[in-house]
Amino acid sequence: MSASKIVISSIWSKAGGKYALVVIGLWLLTAAASLVWTPYPLLDTDGFNVWASPSAAHPLGTDGTGADVLSWLMAGSCTNLLIAVLTVIVAAVIGLALVAAMVSRSGALASTSVVVVDALISIPTVLIALILTVPFGASAAVVVASCGCAYGLNLARILRPSAMLAARSAYVESALWSGASTVRVFFSHIVPNTLPVLCVQLSMSAGTSMLAEAGLTYLGVGVGAGVPSWGHSLSTSVRFISIHPTAVLWPGLVVTLVVIALNLFGDALRDALDPLTNPALREDS
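What this report covers is the structure whose coordinates are included nearby. (Residues numbered from 1 in each chain as written. Predicted model: local features only at pLDDT ≥ 70, side-chain atom pairs only at ≥ 80, totals over all residues. Heavy atoms only, no water.)

Remarks on the overall build of the protein chain
The condition is simple: Here a helix means four or more residues in a row that DSSP labels H or I, a strand means two or more in a row labelled E, and each is numbered from the N terminus. Only protein chains enter the accessibility calculation, which uses a 1.4 Å probe; a residue whose area is less than 20% of its type maximum is buried, one above 50% is exposed, and one in between is partly exposed. Pairs of residues are marked as contacts when any of their non-hydrogen atoms sit within 4.5 Å. Calculation of accessible area relied on Shrake-Rupley with a 1.4 Å probe; when residues are assessed, cover is drawn exclusively from the protein chains displayed. Charged residues are defined narrowly, with Lys and Arg counted positive, Asp and Glu counted negative, and His plus the chain ends left uncounted. To locate a charge, take NZ of a lysine, CZ of an arginine, CG of an aspartate or CD of a glutamate.
Within the protein chain, the regular secondary structure consists of 12 helices and 0 strands. Across its three principal directions, the C-alpha atoms of the protein chain cover 75 × 50 × 30 Å. Considering the protein chain as a whole, with its 285 residues, one finds that 42% of them fall into the buried category. The long-range fraction of contacts in the protein chain, counting pairs at least 24 apart against all pairs at least 6 apart in sequence, stands at 66%. Of the roughly 14,300 Å² that the protein chain leaves accessible, carbon and sulfur atoms contribute 71%. Side chains of the protein chain give 11 positive and 12 negative charges; the mean places of these two sets differ by 15 Å.

A few points about the nonpolar core
Defined as follows: Residues belong to one nonpolar core when they are buried, are Ala, Val, Leu, Ile, Met, Phe, Trp, Tyr or Cys, and are joined through side-chain atoms within 4.5 Å.
Of all hydrophobic cores here, the largest spans 24 residues; its most connected members are Val99, Met102, Val103, Leu159, Phe186 and Ile190. Among the secondary structure elements, those contributing two or more residues to this core are α3 (69–102), α4 (107–120), α6 (140–167), α7 (170–177), α8 (182–193) and α9 (195–219). Considering each element in turn, this core owes the most residues, 8 residues, to α6. The contact partners of valine 103, leaving out residues within four places of it in the chain, are Ala163, Met164, Ala167, Arg168, Phe186 and Ile190.

Describing the packing of helix α2 (residues 15–34) against α3
The condition that has to hold: Here an axis means a line fitted to C-alpha atoms, over the contact stretch when the element is a helix, while the angle between two N-to-C directions is reported on a 0 to 180 degree scale. We call a crossing left-handed when the near helix sits turned anticlockwise from the far one by less than a right angle, and right-handed when that turn is clockwise.
Where α2 contacts α3, the axes come no closer than 8 Å and their chain directions differ by 115°. Here the hand of the crossing between α2 and α3 comes out left-handed. Residues Trp27, Leu28, Thr30, Ala31, Ala33 and Ser34 of α2 form the contact with α3, whose participating residues are Met74, Ala75, Ser77, Cys78, Asn80, Leu81 and Ala84.

Notes on the packing of α3 against helix α10 (residues 230–237)
The condition that has to hold: Orientation labels follow simple angle bins: below 35 degrees gives roughly parallel, above 145 gives roughly antiparallel, 65 to 115 gives roughly perpendicular, and whatever is left gives oblique. Ten residue types, Ala, Val, Leu, Ile, Met, Phe, Trp, Tyr, Cys and Pro, are classed as nonpolar, four, Asp, Glu, Lys and Arg, as charged, and the remainder, Gly among them, as polar.
At a minimum axis distance of 7 Å, the contact between α3 and α10 shows a crossing angle of 130°. What the angle tells us is that α3 and α10 run oblique. Counted together, Trp72, Leu73, Gly76, Ser77 and Asn80 of α3 and Trp230, His232 and Ser233 of α10 form the full contact between these two elements. Of the residues assigned to the contact of α3 with α10, the class counts are 3 nonpolar, 5 polar and no charged.

Description of α8
Note the cut-off: Take the residue count of a helix, subtract one, and multiply by 1.5 Å to get its expected span. Read the arc as the range of directions from the helix axis to the C-beta atoms.
With 12 residues, α8 extends 16 Å from end C-alpha to end C-alpha; this agrees with the ideal 16 Å at 1.5 Å per step. Of all the positions in α8, only Val185, Phe186, Ile190 and Val191 are classed as buried. The buried residues of α8 all sit within an arc of 150° when viewed along its axis, so they share a single face. Turned more than 90 degrees from where α8 packs its buried face, Arg184 and Phe187 sit exposed. Packed against the buried residues of α8 are α3, α6, α7 and α9.

Comments concerning the side chain of serine 146
Cut-off, in case you're wondering: Throughout this description, a polar contact denotes any pair of N or O atoms lying within 3.5 Å of each other; where both atoms belong to protein, one of them has to be capable of donating a hydrogen while the other can accept it, and for residues adjacent in sequence the pair is counted only when both atoms sit in side chains.
For serine 146, the location among the structural elements is in helix α6. Looking at serine 146, its side chain comes within polar contact range of the main-chain oxygen of valine 142, at 2.7 Å. Polar contacts involving the side chain of serine 146 include one to the main-chain carbonyl oxygen of valine 143, which spans 3.2 Å. Setting aside residues no more than four positions away along its own chain, serine 146 makes contact with Thr125, Ile128, Ala129, Leu132 and Leu216.

Considerations on unusual backbone geometry
Although it is not a glycine, tryptophan 51 adopts a positive phi angle of roughly 50°. Turning to its location among the elements, tryptophan 51 is positioned in the loop between α2 and α3.

So, α10
Each turn of an α-helix holds 3.6 residues, which means side chains three or four residues apart point in the same direction. Judged by how many residues are buried, α10 sits mostly within the fold: 6 of 8 residues are covered. If you check which residues of α10 are buried, you get Trp230, Gly231, His232, Ser233, Ser235 and Ser237. Where α10 is buried, its residues contact α2, α3, α9 and α11 (249–273).

Thoughts on the environment of proline 251
Relative to the helices and strands, proline 251 is located in helix α11. Since its relative accessible area comes to 3%, proline 251 is described here as buried. Between the C-alpha atom of proline 251 and that of glycine 207, which follows or precedes it by 44 residues, the distance is 15 Å. Discounting residues that sit within four places of it in the chain, proline 251 has contacts with Leu73, Trp230, Ser233, Leu234 and Ser237.

Overview of the environment of alanine 206
Mapped onto the fold, alanine 206 is located in helix α9. You can call alanine 206 buried: its relative accessible area is 8%. When the C-alpha atoms of alanine 206 and serine 106 are compared, they prove to be 33 Å apart, with 100 residues separating the residues in sequence. Setting aside anything within four residues of it in sequence, one finds alanine 206 in contact with Ala84, Val88 and Leu262.

Structure, rendered in structure tokens:
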């Protein structure tokens, strides 16, 4: 059995892994379907049918403009998927670049990078978003950039101990003495040793980006008006929670289910990739 099949089988063997794979799979299918079909056009509103209860015509009801809630949540799944993927990529690039600097053989570079990370990690994500909104305006790109920077700094801080341990190991010393480049050694020997922690942190970053998108959109520095997203649906409906308490139910439920699934997926993937907790990988090797 190939290593990929062993990993997937290991994830599926856990209850949390099953839940994560099912929810993430439904999320991906919904995002793909929303590109070509939604029950109603997003701009289709009915002023005589606002805040309608769930029915055959509108399975999740309508919002304050009479728009179909299910259609907006389906379209928002694509936006939130893009935000999560791009946030993880940006965080991984920034985090691994900083880790490479912090475990560098150059003492000055390593010390400077540690000080820079410790200084910048205290800056809140919201403040970064506010700074970026001034020149660029509110958009999904602001959410990705602010979350990616903040999570990248946090990733570097958490990965540094395991990366430092690997960088000072005998096999890394042997690889360097044999003529391997520092870049090759970093990605071939150091990064694999941080993979379990890296997987958990990146999956948590993807989940947290869902919450950050909702919060930043509510503050007016996230996804712009008219762009479908779960955070936009949540921030729009929460203003009427005293009049229509169930208004936040569907977008809030979707965000909660997906965030839990991403966190459980990271935990299951960590265990599946670690030969110490997955004997099938040792037998395969």
